[in-house]
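So you can see what is in the structure, the chains are spelled out below.
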Amino acid sequence: YAPGSTFKPFMALAALETGKRTPSQAIFDPGYMYLGTHKFRDDVVGGHGTVDLRKSIVVSCNTYYYQLGRDMGIDMIHDFMKPFGFGQKTGIDLENEKTGVLPSQEWKRSRYKKNPAAGRWVGGDTISVSNGSGYNSYTPLQIAHAVANLANNGIVMKPHLVKIIEDGGTRARTLTVPKESYRIPLKQQNIDIIKDAMVGVTSEPGGTAYRAF
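Everything in this summary refers to the structure shown in the same document. Computed from a predicted model, the values in this text were never measured in an experiment.

**A look at unusual backbone geometry**
No. 1: The phi torsion at serine 60 lies on the positive side, around 55 degrees, for a residue other than glycine.
No. 2: Examined against the element boundaries, serine 60 turns out to sit in the loop between helix H2 (53-58) and helix H3 (62-72).
No. 3: At asparagine 153, a position not held by glycine, the phi torsion is positive, near 60 degrees.
No. 4: Relative to the elements of secondary structure, asparagine 153 occurs in the loop between helix H7 (140-151) and strand E5 (155-156).
No. 5: Note on asparagine 153: relative accessible area 32%, which makes it partly exposed.

**Some points on a nonpolar patch on the surface**
No. 1: A grouping of Leu94, Leu161, Val162 and Ile165 is seen on the molecular surface, where their side chains present a nonpolar patch of about 380 Å² in accessible area.
No. 2: For leucine 94, the position within the fold is in the loop between helix H4 (74-81) and helix H5 (105-111).

**Details of the pairing of strand E2 (residues 32-35)**
No. 1: Summarising the sheet, E2 and strand E3 (residues 38-41) pair through four bridges and their orientation is antiparallel. Within E3, the position partnered with tyrosine 34 by the bridge is lysine 39.

Calculation criteria
- Residues numbered from 1 in each chain as written.
- Predicted model: local features only at pLDDT ≥ 70, side-chain atom pairs only at ≥ 80, totals over all residues.
- Heavy atoms only, no water.
- Helix = DSSP H or I, 4+ residues; strand = E, 2+ residues; numbered from the N terminus.
- Buried < 20%, exposed > 50% of the residue type's maximum accessible area, 1.4 Å probe, protein only.
- Patch = residues over 30% accessible without salt bridge, like charges linked within 9 Å, V, L, I, M, F, W, Y side chains within 5 Å.
- Areas by Shrake-Rupley, 256 points an atom, 1.4 Å probe, with all protein chains shown as cover.
- Salt bridge = Lys/Arg side-chain N within 4 Å of Asp/Glu carboxyl O.
- Pairing = 2+ DSSP bridges.

What follows is the structure, encoded as structure tokens:
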């Protein structure tokens, strides 16, 4: 499934980590953004007015992420999101886990290799991806895993159904996931900014009805 607005906090974190935005840097959202002659609309007619990074998460401002995606480019988005597990199998102890799609220019070229014209990445593709739609395709588990990785301050643990295996004879217990898989190098101050905004999502007027922390 396309993740929709659940993708936006990760885009905001990417903006801070890559230096594309600062917390106080704001845009004016009139309710749309033009790319060439195409008009990408916000979900609020008239827009959200002045929007900084925190407000962009709290009110789920599409236009903020349209502009951010345009400035980042698809490959920067792809490279930042991959360590969080988007478009990757988590390795959970279940059969037939799906991979999903974390789009990039290379992915689209490969998908449409028999039709190179259709496989050309265009600016509108990036705008759609940056808003959590477009070619994005992830399992609900991948979204939950990504949020857990953010909540754990970049420490990645493989998800599992069984926590401990106990030997029937000796009663010895073995953890199925004894240690972290890896760590995503993130600045704690940036993580804290995103967490604070996500906590505020349901507490402010116009906030989107989801809460992760």
